Amino acid sequence: MVPQNPYEHPVNLRPYKKKKPTVLNTFRRDYQLWIMIFPAIVVIFIFNYIPMYGIQLAFRDYNFAKGLTGGEWRGLFYFKQFFESYQFADLMKNTVVISLSTVVLSFPAPIILALLINQLRWKRAKKALQTTVYLPHFISIVVMVGLLNVLLSPNSGVIGHLLQSVGLGDVNLLGSTSTFVPVYVISEIWQHCGWNSIIYLAALSTVDPQLYDAAKIDGASRWQTIRNIEIPALIPTIIILFVLSMGSVLSTGFEKIFLMQNSLNLPVSEVIATYVYKIGIVSNQFSYSAAIGLFNTLINFFFLYTMNLVARKTSETSLW
Amino acid sequence: MQLVQKKEKATAHKRNFGEWAFDAVVFALCLLIFLSIVYPLYFVVIASISNSTLVSTGQVTIFPKEISFFGYSEIFKDQRIWTGYGNTILYTVLGTFVNLLFTLPAAYVLSRQEFRARRFIMFAFVLTLFFGGGLIPTYLLMKDLHLINTIWVFILPFSVNVYNLIIARSFFESSIPKELYEAAAMDGCSHFRYFGSVVLPLSKAIVSVIGLYYLVAHWNDFFTGLIYIRSNGLQPLQIVLRDILLSNQVFSQGAGAGGAAGGYAQQYADQVKYGVIIVSTLPILLVYPFLQKYFDKGVMIGSVKG
Amino acid sequence: MKKSLSVLAVLALGAGLLSGCGGSDEDGASGGTTPDGKVKLTAIMTKHSLTQEFSKMEWLKQAEERAGVQIEWQEVSADWGQKKGALLAGGDIPDLIIGPNAISDADYAQFPGLFEDLTPLIASSGPNVQKMFDEKPETKAIATQLDGKIYGLPKYQRFWPDTTTRQYINKKWLDNLGLKEPTNWDELYDVLVAFKEKDANGNGDPNDEIPMDFAPSGTGGFGAFMPTMLLGSEGLTMTDNSGQGYFVEDGKIKNFFTDERYKDLVAFLHKCYAAGLISKEVFTQDYTKYQSVARGSGDTAAVGFTWGWEVTDRVGNALAPQYESLAPLKKSADSTVQPTWSYDYNSLNYGVNMVSMASTSKNKEAAMKFINELYDPTVSMQVLFGSLGTNIKDNGDGSYSVLPPEDKAMDPGTWKWTSTWADNGPMYISDSLKLTLGTDMQSVGSQTEPLKAALDGIDKKKDVLPTMFIKYSVEDNNTMTLNNTAMLSLTMAKWAEWVTNGGVEDQWNEYLDNVKKTGIEKNVEIIQKYYDDYMSKN
């Protein structure tokens, strides 16, 4: 692609009309850009890249005396240990079920909410709703789970009673293998949907008011305005966030699941994160947990990479 | 479109009804969402001042019962709360400032199509979302940099959040009209100036969002304090509150484990739990309305063309 | 221009970062001396979150004074595990780390050289610790690691009962319905059915009684106040609640998760659950709810039969008089098995690794002096119950009494936990100390009486697992943890499923096969090896 003149700084126009622009020969032209990105590069290099040597812990024993890089090399031993462990299949299944249903179901929710809020004409109601929906985000997980316990209790909870009154009587929402995932996902949506809608609201705020006026003149219905003006305005954000969320197919939070666990829902609620916690209680299994973590990461990254490829091929938006 | 127009003229009445029905549905849905969110929040408030035995047996539903402020007096009795508040505000303000200072220019650079290193740097940044060395090497690094037990550990490390960077970048990419830079460059405008006097003013919405993300992240951060801070004088609010909050779990492991304390203090710990949420969230709630105005429709274009 | 200023600022910050800015050094508090000649030390203590700030503890101030030290405390009550990992791996520990098993045996083994072997220091400046070792040799055994060194010091708190769990039944309900106290499972079943069907609490509603309730069995194994206590009816003696199922019987290590007697218990509990005799929420309620429900409303009790630490703690002051402590049940009227009970004396009265010292400490002598202060009998008493004057009365004749709470509405337990380190502190309550306990501990004692025959009947040599006294190697520890994690995720899920839905009879054999796959036999083998080794030496 040959860059168009106006994009370039006039002074530096010449050097790369002749040959393909590369990092080196555009450096003089782009020095300002380099200055602007320099701090970010430094920070990320220092705090994210330097400690990365720790990844090798997944392939070594931890040896305090000899340091992180000094332990005995074990190759894929800890990976094998995980793959061959009694719980491996269950852990993988549970983790994927929980994280996929969380991603798939909680992804569209904030988009819909943002569109809905945007359609609300009564200014005060809009403000009130906007301020309320993001509040649950601040409830810490410990209290969130406590809240679930109190509200969902079949004997004494408000929601438990509500369900009884519509004839769903004796389901114990807190202790059943079939309700664990729905309760987890719905409470996730309840808690974070409003917060996540903020970014979409911001994106909607950039829509040119003239477009709305034009649509009005054209006699477009409200529904058509949403479809033809607002959703297209959200598309880039949606794509980016979706690609990013694909990078977490194997990550579930730890704390919430752990606190929601009980012996009745254990067959579906034991996930990789809780397993890693439990094996580390008595003694720090540094290498084993590092191996499990790395395995997790690789899978997540694979999904993100693939999704990004798809996004780049099918739209103009992609991560890199 | 024309067809729609004709049809609409013919049935102006119907359209008004349609509009009305649309508004009604929107309003009803919003009301439903509002109620489903407000009730549990309201419950947190009344639970924080009610007798905890009644709360957990489901006897507190609409009005608080056996009102006592034991929870709050317990929270505020802790001297550390006040230093915690002070520290957290300092870390949050300073931290968010540094975050924005590092993130926004970088996001702008990465949004420039002509920046050749763009894809490589993006990729290198995204990698860090996934691959990390883990806690031990990071801790050792902080130790070598002498950041441990200083306020800088809250501010400098990870001051560029790649996730936020990506969001800001894609916003710059998709929402700032390309013609603007062309025009500015014609006038001999540098990137610095273009960014400062064109891009930023046009991006109040995203700056507010990213700012809010960073702000809240700093506000809620207890991990940094937990791992890297030793002096009580430097601990942020969340550490203090988490200490108070988690006492609940001490007992949930089975009361016998706590040296057979039984559940004596449990009851008291419980009432504190809901109060903690309110004490920790209230200040940050005050920030939101100030940012909210930047999300209003058409803020950006208005500022350019108006 | 504003922007270029910002850019400058960015650069400056970036440069500052590179040169490792943040200047302020490692606090340097440790090692120096104060103007008045006291040695400065740093310490971390894992305390209960409701425990008041250390600066308000009079006894601690005095103890530091006498030891000639000034300690900068870091009080931790949440997420210690996470913090500890980084702290130890970074090799960056304070002079002292205090708290129940705050540093575990596994940590000592995994981080060699980080902690000081206290043996020579005890000899030189720890006479009180030495006295504990002399008077109670088992404390020295607890403290000694596999390599013969002593990194962490234990506690001994003497007054605690033989078991954590007491069994309560609502006597008033029995009287209302004209029933006798049950003595075996069948009678218990009949009593519970009566509780359920009739209006036992006499409030006019026959449906608000919960006949039986027990503490929520988590996913990580059993604990106190759980129905595994009924295994005692079948002559199975648990030690320290046998949370992961391991127990010893006639010198042989076993696990009750694969024991026929456990199967019988599960079947019995299912029979109760199916008949609606056990709270529906028993597996999903948290501990708070378990406690709250039993408080009923006013003087109307809600729960008929349950387990707890002490009756006022379990059901509240208002209802406590209605309940009675119940002796262990037989399995059936014609059973000849002598009922037994969980024997928890060791875990209640001893604690391991209550205090450890950094090998990098610059003032080991001073630190040891302070530790020695804590083990002074009168200081230890204050560690446990609070300062002399406010929490403990000096009777003037060499004897002491624990005072009731200042605030009349507060119970003695909460009073203790809020005012001092309580059970989380290192201490030696010597057997010769003359101390009158508070009302809570006295009633724990009297409520243990009905269990006494069962507890006394336990063969402490052959049927009690000396968990406290056994130290495992790192490898064995890791193997056991991995196997136990797998085993418990299977067994605890099955436990809840069987009690609520039944099926234990049909699935038992298949279940046994699966449990074996988790490596339970390997674990039994490991424990047996260490147990035999321990028994041969003692």
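Residues numbered from 1 in each chain as written. Chains lettered and ligands numbered in written order. Predicted model: local features only at pLDDT ≥ 70, side-chain atom pairs only at ≥ 80, totals over all residues. Heavy atoms only, no water.

Looking at the overall build of chain C
Cut-off, in case you're wondering: Strands here mean DSSP runs of E at least two residues long; helices mean DSSP runs of H or I at least four residues long; both are numbered from the N terminus. The globule rule used here is 2.2 Å times the number of residues to the 0.38 power, and the radius of gyration it is set against is calculated over C-alpha atoms. In this scheme, a residue with accessible area under 20% of its type's maximum is buried, one over 50% is exposed, and one in between is partly exposed, where area comes from a 1.4 Å probe on protein chains only. By the convention used here, residues are in contact when the closest approach between their heavy atoms is within 4.5 Å. Here the accessible surface of atoms and residues is derived via Shrake-Rupley with a 1.4 Å probe, and residues count as covered only by protein chains that are part of the display.
Each helix and strand counted, chain C has 21 helices and 14 strands in total. Since a compact globule built from 538 residues should have a radius of gyration of about 24 Å, the 26 Å found for chain C is in line with a globular shape. Along the first, second and third principal axes, the C-alpha atoms of chain C reach 80 × 70 × 60 Å. A total of 538 residues make up chain C; the buried ones form 63% of that total. Put simply, of all contacts in chain C between residues at least 6 apart along the chain, 74% involve residues at least 24 apart. Here chain C displays about 19400 Å² of accessible surface, and carbon together with sulfur accounts for 51% of that area.

As for the confidence of the model for chain A
This is how the line gets drawn: As a per-residue quantity, pLDDT reports the predictor's confidence and falls between 0 and 100.
Considering every residue of chain A, the mean pLDDT works out to 86; 93% of them sit at 70 or more. No element of chain A has a lower mean pLDDT than helix α1 (residues 15-18) of chain A, which averages 49, and none a higher one than helix α3 (residues 77-83) of chain A, which averages 95.

Focus: the packing of aromatic side chains
As a reminder, the rule being used: For this analysis, a ring pair means two rings from Phe, Tyr or Trp (six-membered ring only for Trp) whose centres lie within 6.5 Å, classed as stacked if their planes differ by under 30 degrees, edge-to-face if by over 60, and tilted for the remaining angles. Criterion for a charge above a ring: Arg CZ or Lys NZ at most 6 Å from the ring centre, at most 35 degrees from the ring normal.
Scanning all chains against the criterion turns up 84 aromatic pairs over all chains. Ring centres of Phe82 of chain A and Phe88 of chain A lie 5.0 Å apart, and the angle between their planes is 85 degrees; on these two criteria the pair is classed as edge-to-face. Across the pair, exposure class does not vary: Phe82 of chain A and Phe88 of chain A are buried alike. Ring centres of Tyr156 of chain C and Tyr428 of chain C lie 6.0 Å apart, and the angle between their planes is 35 degrees; this geometry places the pair in the tilted category. Of this pair, Tyr156 of chain C sits in strand β4 (residues 152-156) while Tyr428 of chain C sits in the loop between α16 (412-419) and β14 (435-436), and the two are 272 residues apart along the sequence. The burial state of Tyr156 of chain C is the same as that of Tyr428 of chain C; both residues are buried. Through successive ring pairs, a cluster of aromatic residues spans Phe77, Tyr78, Phe82, Phe83, Phe88, Tyr275, Tyr288 and Phe295 of chain A. If you follow Arg74 of chain A out to its NZ or CZ, it ends over the ring of Phe77 of chain A, 4.0 Å from the centre. Between Lys271 of chain C and the ring centre of Tyr189 of chain C, over which it is positioned, the NZ or CZ distance is 4.3 Å.

Observations regarding the nonpolar core
This is how it is decided: Among the buried residues, those of types Ala, Val, Leu, Ile, Met, Phe, Trp, Tyr and Cys that are joined through side-chain atoms within 4.5 Å form a nonpolar core.
With 206 residues, the main nonpolar core has Tyr108 and Phe172 of chain B as its most contacted residues. At 15 residues, helix α9 (residues 180-204) of chain A tops the list of elements feeding residues into this core. One finds Leu153, Tyr343, Met354 and Val499 of chain C within the second-largest nonpolar core, a separate group that totals 155 residues.

With respect to the environment of Ser205 of chain A
Residue and element names in this part refer to chain A. To be explicit about the condition: Distance and chemistry together define a polar contact, namely a pair of N or O atoms within 3.5 Å, with one atom able to donate a hydrogen and the other to accept it when in protein, and with adjacent residues in sequence counting only for side-chain atoms on both sides.
By secondary structure assignment, the location of Ser205 is in the loop between α9 and α10 (209-218). Put simply, Ser205 and Cys193 are 12 residues apart on the chain and 18 Å apart in space, counted from C-alpha to C-alpha. At 2.6 Å, the side chain of Ser205 forms a polar contact with the backbone oxygen of Ala202.

Topic: the interface of chain B and chain A
This is how the line gets drawn: We define buried area as the total accessible area lost by two parts upon association, computed with a 1.4 Å probe and summed across both. Criterion for a salt bridge: a side-chain nitrogen of Lys or Arg within 4 Å of a carboxyl oxygen of Asp or Glu.
At the interface, 111 residues of chain B touch 104 residues of chain A. When the two sides are added together, the surface that chain B and chain A hide from each other amounts to roughly 10000 Å², 74% of it contributed by carbon and sulfur. Our count for the contact surface shared by chain B and chain A stands at 5 salt bridges. Arg222 of chain A serves as the salt-bridge partner of Glu19 of chain B, at 3.7 Å between the closest nitrogen and oxygen.

Focus: a nonpolar patch on the surface
Operational definition: Without a salt bridge and with relative accessible area above 30%, a residue can belong to a patch; like charges are then joined within 9 Å and nonpolar side chains (Val, Leu, Ile, Met, Phe, Trp, Tyr) within 5 Å.
Taken together, the side chains of Val96, Leu100, Val104 and Leu105 of chain A make up a nonpolar region of the molecular surface, amounting to roughly 300 Å² of accessible area. Summarising the element assignment, Leu100 of chain A is placed in helix α4 (residues 88-106).

Digging into helix α9 (residues 162-175) of chain B
Residue and element names in this part refer to chain B. To keep things clear, this is the line we draw: The length a helix should cover is 1.5 Å for every residue beyond the first.
Compared with the 20 Å implied by 1.5 Å per residue over 14 residues, the 20 Å span of α9 between its first and last C-alpha is a close match. Among the 14 residues of α9, 12 are classified as buried, and the element is accordingly described as predominantly covered. When we look at burial in α9, the residues that qualify are Val162, Asn164, Leu165, Ile166, Ile167, Ala168, Arg169, Ser170, Phe171, Phe172, Glu173 and Ser175. You can read the cap of α9 off the contacts: a side-chain oxygen lies 2.8 Å from the backbone nitrogen of Tyr163, and it is on Asn161.

Here's the deal with the pattern of salt bridges
In this structure the tally under the stated criterion is 41 salt bridges over all chains. The partner of Arg74 of chain A in a salt bridge is Asp61 of chain A, with the nearest N and O atoms 3.0 Å apart. Here Arg74 of chain A is found in the loop between α2 (31-49) and α3, whereas its partner Asp61 of chain A is found in the loop between α2 and α3, with 13 residues between them in sequence. In this structure Arg74 of chain A comes out as partly exposed when scored by relative accessible area, which is 28%. Between Glu260 of chain C and Lys263 of chain C there is a salt bridge, with the nearest N and O atoms lying 3.5 Å from each other. With Glu260 of chain C and Lys263 of chain C both in helix α10 (residues 260-274) and 3 residues apart, the pair spans about one turn of that helix. One continuous salt-bridge network, built from bridges that share partners, spans Arg121 and Arg222 of chain A together with Glu19 and Asp23 of chain B.

Some details on unusual backbone geometry
Residues and elements named next belong to chain C. At Asp250, a position not held by glycine, the phi torsion is positive, near 55 degrees. Relative to the elements of secondary structure, Asp250 occurs in the loop between β7 (246-249) and β8 (252-255). Even without being glycine, Asn353 reaches a positive phi, approximately 45 degrees. Mapping Asn353 onto the fold places it in strand β11 (residues 350-357). Note on Asn353: relative accessible area 2%, which makes it buried.

A word on the interface of chain C and chain A
Taken together, the contact between chain C and chain A spans 42 residues of the former and 37 residues of the latter. Approximately 3200 Å² of surface area, both sides summed, lies buried where chain C meets chain A, with 64% of it carried by carbon and sulfur atoms. Inspection of the chain C/chain A interface yields 0 salt bridges. Applying the counting rule to chain C against chain A returns 9 residue pairs in polar contact (both at pLDDT 80 or more).

Section: the sheet that holds β11 of chain C
Across a sheet, paired strands are connected by hydrogen bonds in the backbone, their directions being either parallel or antiparallel. Residue and element names in this part refer to chain C. As a reminder, the rule being used: DSSP calls a pair of strands paired once it identifies at least 2 bridges connecting them. Only C-alpha atoms enter the line fits that serve as axes; for helices the fit covers just the stretch in contact. Angles between N-to-C directions range over 0 to 180 degrees.
Ordered by their spatial adjacency, 5 strands build an open sheet running β2-β1-β3-β11-β4, and the pairing between neighbours is mixed. Sheet topology places β2 (69-76) and β4 at the edges, where each strand pairs with a single neighbour. Between one strand axis and the next, the sheet turns through 25 degrees on average, direction left out of account. Strand direction decides the pairing type here: β4 and β11, joined by 4 bridges, are antiparallel.

So, the side chain of Ser217 of chain C
Here Ser217 of chain C shows up in the loop between β6 (210-213) and β7. Here the side chain of Ser217 of chain C touches Trp495 of chain C through a polar contact of 3.0 Å, side chain to side chain. When sequence neighbours within four positions are dropped, the list of residues in contact with Ser217 of chain C reads Ser263 of chain A together with Phe222, Met226, Phe283, Met492 and Trp495 of chain C.

Topic: the pairing of strand β1 (residues 39-46) of chain C
Residue and element names in this part refer to chain C. Note the cut-off: Consider the strands pointing away from the viewer: the crossover is right-handed when the path from the first strand over the helix to the second runs clockwise.
Burial within β1 is extensive, with 7 of its 8 residues counted as buried. Note that the unit made of β1, helix α2 (residues 58-67) and β2 has a crossover that is right-handed. Here β1 runs beside strand β3 (residues 96-98); their pairing, made up of 3 bridges, is parallel. Residue pairing for β3: Ile44 is matched across the bridge by Ile97.

Focus on the packing of helix α11 (residues 222-246) of chain A against helix α15 (residues 286-314) of chain A
All names here are of chain A. To keep it simple, the criterion reads: Note on angle classes: values under 35 degrees are labelled roughly parallel, values over 145 roughly antiparallel, values of 65 to 115 roughly perpendicular, and the remainder oblique. The nonpolar class holds Ala, Val, Leu, Ile, Met, Phe, Trp, Tyr, Cys and Pro. Asp, Glu, Lys and Arg form the charged class, and all remaining residues, Gly among them, are polar.
At a minimum axis distance of 7 Å, the contact between α11 and α15 shows a crossing angle of 155 degrees. In terms of axis orientation, α11 runs roughly antiparallel to α15. Contacts from Ile239, Phe242, Val243, Leu244 and Met246 of α11 reach α15 at Asn300, Phe303, Leu304, Met307, Asn308 and Ala311. A class-by-class count of the residues in the contact of α11 with α15 yields 9 nonpolar, 2 polar and no charged.

Details of the packing of helix α7 (residues 141-152) of chain A against α9 of chain A
Helix packing geometry: the angle between the two helix axes and the distance between the axes. All names here are of chain A. This is how it is decided: Each crossing gets its hand from how the near helix is turned against the far one by less than a right angle, where anticlockwise is left-handed and clockwise is right-handed.
With their axes 12 Å apart at the nearest point, α7 and α9 run at an angle of 120 degrees to one another. At the point where α7 passes α9, the crossing takes the right-handed sense. Counted together, Met144, Leu148 and Leu152 of α7 and Val183, Ser187, Trp190 and Gln191 of α9 form the full contact between these two elements. For the contact of α7 with α9, a count of residues per class yields 5 nonpolar, 2 polar and no charged.

Remarks on the layout of surface pockets
The method is simple in principle: a probe with the dimensions of a water molecule rolls over the atoms, and the space it marks as empty is what remains. As a reminder, the rule being used: Cavity means a closed set of points on a 1 Å grid over the protein atoms alone, one where a 1.4 Å probe fits but cannot get out, pocket means an open set with protein on both sides within 12 Å along at least 5 of 7 lines, and lining means a residue has an atom within 4 Å of a point. Grid points are joined across faces, edges and corners, and a volume is the space filled by probe spheres set on the points.
Estimates place the volume of the largest pocket at around 1200 Å³. Lining the largest pocket are 45 residues, with Asn155 of chain A together with Ile210, Ser279, Lys280 and Glu281 of chain C sitting closest to its centre. Those elements that provide at least two residues to the lining of the largest pocket are α8 (158-165) of chain A together with β6, α11 (287-293) and α19 (474-501) of chain C. Counting residues per element, the lining of the largest pocket draws most heavily on α19 of chain C, which supplies 5 residues. Residues belonging to the lining of the largest pocket are distributed by class as follows: 14 nonpolar, 23 polar and 8 charged.

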